[in-house]
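Tertiary structure, described
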Amino acid sequence: KCGSMLRYASLLLRDEKEICMHAVKNDGYALRYASTQQQNERDVVAKAIEQIGSAIQYASSEMKRDRDIVMRAARKSAFALRCASDDLRNDRAFVLEAVGYTGRALEFAS
């Protein structure tokens, strides 16, 4: 997909929000090649997980602690709970909501 072309972009371009937004819109996994700053950018991460929930694995630790972001990803992929912060994986209410979207999420709860 076009988004994965981000891996060939310069470090400067990987730090451009507009470029990263376009890349993750086409391929959520392009988040992997975005700069650390863009992996921590809420809009960029949200667009990536909108495309494919398991792209959360490439988000920053801060984004993996964000209830809303992780739950959006969990709606798309049970794997999202595996990537969530320990606090979220230990949060009973959060896990129950995630399991409501896909029972497989339970295997990733703490």
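Relevant structure appears above.
As a starting point, this report considers the structure included with it. (Residues numbered from 1 in each chain as written. Predicted model: local features only at pLDDT ≥ 70, side-chain atom pairs only at ≥ 80, totals over all residues. Heavy atoms only, no water.)

1. Quick notes on the environment of Asn26
For Asn26, the location among the structural elements is in helix α2 (residues 17-26). Separated by 21 residues in sequence, Asn26 and Lys47 have C-alpha atoms that sit 9.5 Å apart. Within the local environment of Asn26, its side chain forms a polar contact with the backbone oxygen of His22, the two atoms lying 3.0 Å apart. (Helix = DSSP H or I, 4+ residues; strand = E, 2+ residues; numbered from the N terminus. Polar contact = N/O pair within 3.5 Å; in protein donor to acceptor, adjacent residues only side chain to side chain.)

2. Some remarks on the packing of aromatic side chains
Here the structure, examined in full by the defined rule, presents 1 aromatic pair. When the centroid spacing of 6.2 Å and the interplanar angle of 85° are considered together, the rings of Tyr29 and Tyr58 count as edge-to-face. Here the residue Tyr29 occupies a position in the loop between α2 and α3 (36-39), and Tyr58 occupies one in the loop between α4 (42-51) and α5 (61-64), the gap between them amounting to 29 residues. For Tyr29, a relative accessible area of 34% puts it in the partly exposed group. Using a relative accessible area of 21% as the deciding quantity, one classes Tyr58 as partly exposed. (Phe/Tyr/Trp six-rings, centres within 6.5 Å; stacked < 30°, edge-to-face > 60°. Buried < 20%, exposed > 50% of the residue type's maximum accessible area, 1.4 Å probe, protein only.)

3. Structural notes on the side chain of Ser35
Structurally, Ser35 is set in the loop between α2 and α3. Dropping the residues within four chain positions of it, Ser35 is found in contact with Arg14 and Asp15. (Contact = heavy atoms within 4.5 Å.)

4. Quick word on the pattern of salt bridges
Tallied over the entire structure, the rule returns 8 salt bridges. Between Arg67 and Asp91 there is a salt bridge, and its shortest N-O distance comes to 2.7 Å. Here Asp91 lies in the loop between α8 (86-89) and α9 (92-101) and Arg67 lies in helix α6 (residues 67-76), a separation of 24 residues in the sequence. Between Asp68 and Arg72 there is a salt bridge; the shortest N-O distance is 3.1 Å. (Salt bridge = Lys/Arg side-chain N within 4 Å of Asp/Glu carboxyl O.)

5. Comments concerning α4
Every buried residue of α4 is listed here: Val44, Val45, Ala46, Ala48 and Ile49. Packed against the buried residues of α4 are α2, α3, α5 and α6.

6. Quick look at the packing of α2 against α4
Between α2 and α4, whose axes approach to 8 Å, the crossing angle comes to 10°. Here α2 is positioned roughly parallel relative to α4, judged by the angle of their axes. Contact residues: α2 offers Lys17, Cys20, Met21, Val24, Lys25 and Asn26, while α4 offers Asp43, Val44, Lys47, Ala48 and Gln51. Partitioning the contact of α2 with α4 into residue classes produces 5 nonpolar, 2 polar and 4 charged. (Axes fitted to C-alpha atoms, helices over the stretch in contact; angles between N-to-C directions. Parallel < 35°, antiparallel > 145°, perpendicular 65-115°, else oblique. Nonpolar A, V, L, I, M, F, W, Y, C, P; charged D, E, K, R; others polar.)

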